[in-house]
Each structure stands twice: as C-alpha cells, then as structure tokens.
Amino acid sequence: MSEKKTKRRDFLFTATTAVGAVGAAAVVWPMIDQMNPDASVKALASTEVDVSSLTPGNTLTVLWRGKPVFIRRRTQKEIDEARSVKMEELIHPEKDEDRAKNPEWLVMLGVCTHLGCVPLNDKGDYNGWFCPCHGSHYDTSGRIRKGPAPWNMEVPKYEFVNANTIKIG
Amino acid sequence: MKNLHKLFSILIIFIVSSSLSIAAEKVEYLKTDWSFKGLFGKFDRASLQRGYQVYTEVCASCHSMKYLSYRNLSEKGGPEFSEAQAKAIAASFEVTDGPNSDGEMFTRPGKLSDKFVMPYDNVKAAQAANGGAYPPDMSVLVKARGGGVDYIYSLLQGYEEAPSNVSLDDGVYYNKYMYGNKIRMAAPLSNGLLEYGDGTSATVEQMSKDVTTFLMWSAEPHLEARHQMGFKAIVYLIILTVLVYFSMKKIWSRVESEV
Amino acid sequence: MSDHDYRPKSKVGQWFNDRLPLLTLANHLTDYPTPKNLNYWWTFGGILTFCLITQIVTGLTLAMHYIAHADMAFESVEHIMRDVNYGWLIRYIHANGASMFFLAVYIHIFRSLFYGSYKAPREIIWIIGIIIYLLMMAAAFMGYVLPWGQMSFWGATVITNLFSAIPLVGEGIVTWLWGGYSVDNPTLTRFFTLHYLIPFLILGLVVLHIWALHVPGNNNPVGIDIKKPSKDTVPFHPYIVIKDGFALLMFMIVFAFFVFYAPNILGHADNYIEANPMVTPAHIVPEWYLLPFYAILRSVPDKLLGVVAMLSAILILAVLPWLDTSKIRSAVFRPLYKQFYWILVADVLILGYVGAMPAEGLYLLIARVATAYYFLHFLVILPVLGFKEKTLPVPLSITEPVLGGSPNFAAARNKESKIE
C-alpha cells in the first residue's frame, strides 16, 4: 500500500516537473526567435538590378541582403581563361560552366570566404579578385586560387527576368 | 476569510460605481457583431478584402497608412490576398525610389516590400489640402480612439442634419458620435458609392463594417495569432496549476501529519 | 546568517565553498526556516521576483529593436508590433507586466500593513522596500514615455514640470532634466538610458531586501516571534517553493488574460497617437497605479504644496515603523486597527478613482477629504491607536494555541539575550 503511494507521488512530481519544463522551453523560444530576421528584412530578400549599362570587362557592385554582389560582364579572354583551368589546380574545384550559366555574366557574392572582407576588382595573380585583408587571390571565375580562403566566392540564386534585368535572391 | 470578503465587496462596489459613472458620460455607439471579438475571434476574410477596397477607393485619397506594407495584404491572419494579387495591388501604385546612379529620384511600380503609398508628402501638405485639419494616419487609428471599432463604425454612420441650435462653419459637418459633434470630414460613404467585387451590396452600413474590420486588422495584424496563442497558453497554465496544486497538497501533507 | 556550519559533501564542493561560499548560500536558501502558517498574501514576494525578471528579460529583448529617437521611437514600436518575430507578444508582456508588477507590489505593501511586517525588527526591510517602490515608479514613468505617443509626451511634460515647483532653482532643474526647453529628443534618450538602468538597481535592492529579511526571518499572520527552526517552521524548499509556485501560476493566468485578450485595456488610447507638442489630449491621466498620488497632487490648490503633499504621501511610509506605536504586529489581534486598515484601503481606492476623474466639483471635494484622511491615518490615528487600543490576547506560538502570551517585544528581547 505504502509503496503504491510513493509511486503515485513520484509520478505526480515527475509529471508536474515535465509539464513545467515544457512551458519554460516554450517561453524561451520567442525570446530567441525575436533576434532572427524580421518580416520587413525577409521582404527585402530579393532585389532586381538593371544591367543594361554594363559593358564587357566591367563590374557592377550592388547591395543585396546587406552584402555586396559583384555582377561582372566578362570579356571573351576572361571566359577562356576561366574555362581552361584544370580541376586539379583548384583548391575548391568547381567548373566555370556551373558558376556562370551564361558565360558572359558572372554574378557572385563579393565576400571573401576567409573572414568576410570585400575583395578588390581586377587585382591579384589570376586577373580576377584580390582580398586585401589576408591576401586571397581569386580567378576570373571568382574561384580561390591562392591564400587562406577555403572556398570560391559564393554564387547566389539569381535569374534573368529579361535581357536587361537580373533578379537576385 | 472575512477580510477577503471585505476586500472583494469593496472592489466590487468600486468597479460597479466606476463603470456606472463612465457609462453615464459615454454616448451609446451603434453595435454590430464583430467576428474578431471573443476568445477565438477571427477576422472575416471577405470583409477584410472588401474593407481594403473601401480604404483604397475612398479613405486613401486623404488618409495615409504609413506602417503597412503591401506584403501585409497577403500575410496570414490578414485579408490573405494571394501573393499574385498583392503583387498586382502593389504594382498599381507609383513609388518614389532612388537616387539612381545619376543622383536623381525616380518612380517605379510598387513592390511587396514597399510601404503603403501616402496621399501627401508630409503633414503640412495634408493640412494645406484639407483646410488645416490633418486627416489622421489610419494604421493604428482603431487603437487610438477610446471607443475603438464601435466608435469608428458609428462615426461613419453618424452624419446628420445639424440641430437648429448648432451653427456650423464652412467645411465643418455635424456628426452625432464625434467628440464635440463637429467634424472636418464630409460624410465619406454613401449607398452604392463603389461596387464590391464579390457582389455584396455596398450600403453605408456594410462599407462601414468592412472598412472598420480592415482598420482593426491594420491596427492589430497579429490579433488572430494572439487569440490562438492565448487560448493555448491559458489552457496550459490551468493544467500546470492543477498539477502543482496536487503536488503542493502532497508535500504539505508531510507537515500536517507531523503536527 | 552566522548560524551556518554547512559543509559540502564532495571534495570539489568543499574546495570551491572554502573560496566562495555559494553552496553555503544555496543551502541557506533551501533550508531557510519559514513560518508554516504563512497565508497566500505572503506569496507575493515570489510573484514580484517573477515580475522583475519578466520585465528585465522582455525589456532587454525590446531594447534590441527599439530606437530611442523622437522621430523614430513611435515607428520602431510599430515595427516591433508588426514585423519583429513575436514582437507583439514581448511588448504586450512588458506593457501589461508593468501593471501586474504594481498590482503585486500593492498587495505586498498592504499585506505588510495588515500584519505589521514593517515593525521591529524589520524596519530596514520595509525602508528598502519603499526605495524599491519609488524606483519602480520612476522606471514605470520613464518606460511609459518611450513609445512617444501623446500620453508619453504629455505625461513627461506634466511630471517633469512638478520640479518647477521648487523655489528658485525649479525652472533650472526642469531645463536640466529636459536637456532643452521642452520635452524633446534629449529627454527621450536620457529617459531610455535611465529606464534601462533602474531595473538593475532594483535587482540589487531586492537582494538586500531578501538579505535583510533572512536576518530576523519572516513575519507571519499571527505576528509573533517564532523560534527557528522549530515545529513552527518548515524549510523553504520544497514547502514554500511549491506554494509560491502555485500562487504564481494563478497570477500568471490573470496576467495571460490581459496579454492575450485585453492587452490595451490598462493603457490609454491617446498613446497610439504619435507625440505632438502642439496638441494636448483633452484629459491627461497617468497609468492607473499612479492615480492615488495624482489625486493627492491635484487636491492641493498650491503648486509647491501639491508636490510636497504627493511626495510626503510616499515618504511618510518610510517612517511608518515609528508612527505605529502598537506593540502588537498583526491586525488579527488589533480590533480597532483592523477597522481603520480597511478604511485606509477604501480611502486609497477612492483616491485612485478620483485621480482618474476631472479635478472639479464633487470629485475635487472627495479627493480633498480622502487626502486629508490619508495623512490623518498615518499621522494621528496610528500613533494614538498604539496607546489607546485594547488588543486581544496573543498566542505563544503558532502550533500551540495557548493564549495570553507576552507581547512581541519582550519575547524578542528574551531571545536576543539568549543568542548573545
């Protein structure tokens, strides 16, 4: 009899504690989630860019989600350079064909994958980009070739809405 | 226990007397059944959509709604236009953007992320266009008026011929629900003023109800989420309270047996 | 707290505890002998701790999104209400939390008044409590300014202008408070800074409040001194913890009702209109918890004396332990005091009511009578009552219903000499 009683008591305390813990956890979530991007930030998640004025060999830098995006209209020479590289030579092997579906246009996040600085245009040992912070060299496809950065510069989701407009995001 | 009794009787007398005296001062507002009141209150989607139509075709020529964005129109708990509809609504407005690379401002069709376009550039311009009276921003209007939705609903239907002892200046109208009865806004609604897409007959009463519902949502866009979460939270608290109550009884039974 | 010879069981615990006796503190807090006859009015200490923590946590998260600038404050609050994830929930908890905090603190104070908890040897607890209450009012007032609505602006104008009543330097002080010639952006930013600071001051004082409580131990409904630990006490954990928890949950149900179903009922509609220095709302009223003092302020026709009366109404509480001359703590054994206590409760409620009404005609007359009675209660009735009142016999202990015990003072003296 008494054993039964203790068991029931234990169950009651366990249930109370468990239900209380669930509630406490549920209260913590809003306090954490409030720091995530809010609705107005998410609404700006995509941006449309007019690229009609961009001539070959030039780069347009636009702000998207608070970060610079490089839109490079490449010359034939740059395209040939990027496409002739052997995969074995790359630190982070990626085909240029995959990075630039339309070979004339390269769209990528202008953020060095090392520690987040913005690389400089037309600089470095590979005629692409050079990050002044810690000396990472990128080629004409935005791939890392030399220096501490571990990956190629990221290609965001984008599409040509029409011949002159790129929608990023 | 006797003390508790006293305290409660004092409180009850207090509350009753204060509510009586408040009621004595207030005008009786027109009543209607609001779907968003109560424990599970929700907005009537169709009414919200019609209300948006009334706002945009009637009110928006003078009243801004600066805290709302076009994306809100397709968000959950609101009018819930489809995203395509909301995009089309946004695109029907000209939005000033810029500066462009030449340093000039330009206009473009609105996007979902844009705020509602304002009828006037600033308060002064609004006053100048309305004989010195600023048509208030409507984003939180319902919460900014003591009578809330009932007040707005009544005001829209409260235009009357002024009694003979009241003289009105030019551009001032008589409204029996307005504070002081004098209002600078001419009666904005009239029967058949607009044509509802869903075939509802656009009477003054119907339009008042729809636009007031829309204003309630614009002031409290998360009202539905609040009601839903509130019900869950209170049910949860009651369950936990019961559990804690029995735990407490168990724990305290040790002392009582000891004494 | 000198009666602790607790030693942790583990070696690591001992090593740590010798250097920083946190475990001794934890042991003290769990074992703390608490009178077992505490009723539910005693649970409001724990509820208030919950309120403070809730306000601090929700306040910190709101501060991550709020912009303390006259041009952007109102908009940033709307941004919180509309766009921030759960922003509406956090803001409504914070706004209603202030009201719940005051509701709890008033019950806590009036419990103390009824059971004589402010009397020797607990005067310091009481005085710290009054300081906390003053800081709460300051924090609440400044917090109400932050949304930068019409009531924020005009409330700030009216309250800061109180200081202009001070002769000679008043105007200078007001200008200094504003950082300008009216309530404006500099005022808002400094109010935000102070509103952020004060809760942490309160937190520090709460630690002192509890520390001071743990020296003599809790008062109790019978109001007699108890031997501790004894049959009259139970350890704080689990007995009081679970009881406080139960009361807290009941409190939270009321709290949740306001937050989810009537979040704006305690506020004022005008505060959803953005601040406008050109237009004063027809009827300026403070939040409900400040109404009794507002009524006292308005009941005096002189500017300076009105401010003095309002401040005195609060500060008089600080000397209450010496105004009340009775040797018996609990109103249970003071039949006359008990009557006057309930008259005081009604008086304060009446003051709160007329504080919300226009200051004219009958309301003003009632406010004046109620104000006069408020001071009469503390300055005349309480001191005289201590000498004149015929008290009922007090039991010797909580467990033994033996009547006719000695008054507390003698008992306390006895015990002290034994300890020394």
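Preceding this section is the structure that the text describes.
Residues numbered from 1 in each chain as written. Chains lettered and ligands numbered in written order. Predicted model: local features only at pLDDT ≥ 70, side-chain atom pairs only at ≥ 80, totals over all residues. Heavy atoms only, no water.

## Looking at helix α2 (residues 22–31) of chain C
All names here are of chain C. All buried positions along α2 are accounted for by Thr24, Asn27 and His28. Viewed along the axis of α2, the buried residues span an arc of 100°, placing them on a single side of the element. Of the surrounding secondary structure, the elements contacted by the buried residues of α2 are α1 (11–19) and α9 (185–214). (Buried < 20%, exposed > 50% of the residue type's maximum accessible area, 1.4 Å probe, protein only. Helix = DSSP H or I, 4+ residues; strand = E, 2+ residues; numbered from the N terminus. Arc of directions from axis to C-beta. Contact = heavy atoms within 4.5 Å.)

## Notes on the packing of helix α11 (residues 291–299) of chain C against helix α12 (residues 303–315) of chain C
Residues and elements named next belong to chain C. Where α11 contacts α12, the axes come no closer than 7 Å and their chain directions differ by 145°. Judged by the sense of rotation from one axis to the other, the crossing of α11 with α12 is right-handed. The residues of α12 that touch α11, namely those facing Phe293, Ile296 and Leu297, are Gly306, Val307, Ala309, Met310, Ala313 and Ile314. Here the contact of α11 with α12 is composed, by residue class, of eight nonpolar, one polar and no charged. (Axes fitted to C-alpha atoms, helices over the stretch in contact; angles between N-to-C directions. Left-handed = near helix turned anticlockwise from the far one by under 90°. Nonpolar A, V, L, I, M, F, W, Y, C, P; charged D, E, K, R; others polar.)

## Focus on the state of the cysteines
All names here are of chain A. On inspection of all chains with the given rule, the structure shows one disulfide over all chains. Between Cys117 and Cys133 runs a disulfide, and the two sulfur atoms are separated by 2.0 Å. Here Cys117 and Cys133 share a disulfide; its torsion about the S-S bond, -100°, makes the bridge left-handed. Taken as a pair, Cys117 in the loop between β4 (105–109) and β5 (120–121) and Cys133 in the loop between β6 (129–131) and β7 (136–138) lie far apart in primary sequence, 16 residues in all. A residue is classified by how much of its surface remains accessible, and Cys133, at 38% relative accessible area, is partly exposed. Cys112 takes part in no disulfide bond, and the closest cysteine sulfur to it belongs to Cys131, at a distance of 3.8 Å. (Disulfide = S-S within 2.5 Å.)

## Looking at the interface of chain C and chain B
At the interface, 50 residues of chain C touch 50 residues of chain B. Interface of chain C and chain B: buried area, both sides summed, is about 4300 Å²; carbon and sulfur atoms make up 72% of it. Among the residues chain C hides against chain B, the three largest losses belong to Arg82, Tyr261 and Trp342 of chain C. Together they make up 19% of the total. The tally of links between chain C and chain B comes to two salt bridges. For Glu274 of chain C, the salt bridge identified is with Lys66 of chain B, shortest N-O distance 3.8 Å. For the pair chain C and chain B, the interface holds twelve residue pairs in polar contact (both at pLDDT 80 or more). Breaking the side of chain C that touches chain B down by element, the ones donating at least two residues are α4 (73–82), α5 (87–115), α10 (236–261) and α14 (335–356) of chain C. With 16 residues, the single largest contributor to the side of chain C that touches chain B is α10 of chain C. (Buried area = accessible area lost by both parts, 1.4 Å probe. Salt bridge = Lys/Arg side-chain N within 4 Å of Asp/Glu carboxyl O. Polar contact = N/O pair within 3.5 Å; in protein donor to acceptor, adjacent residues only side chain to side chain.)

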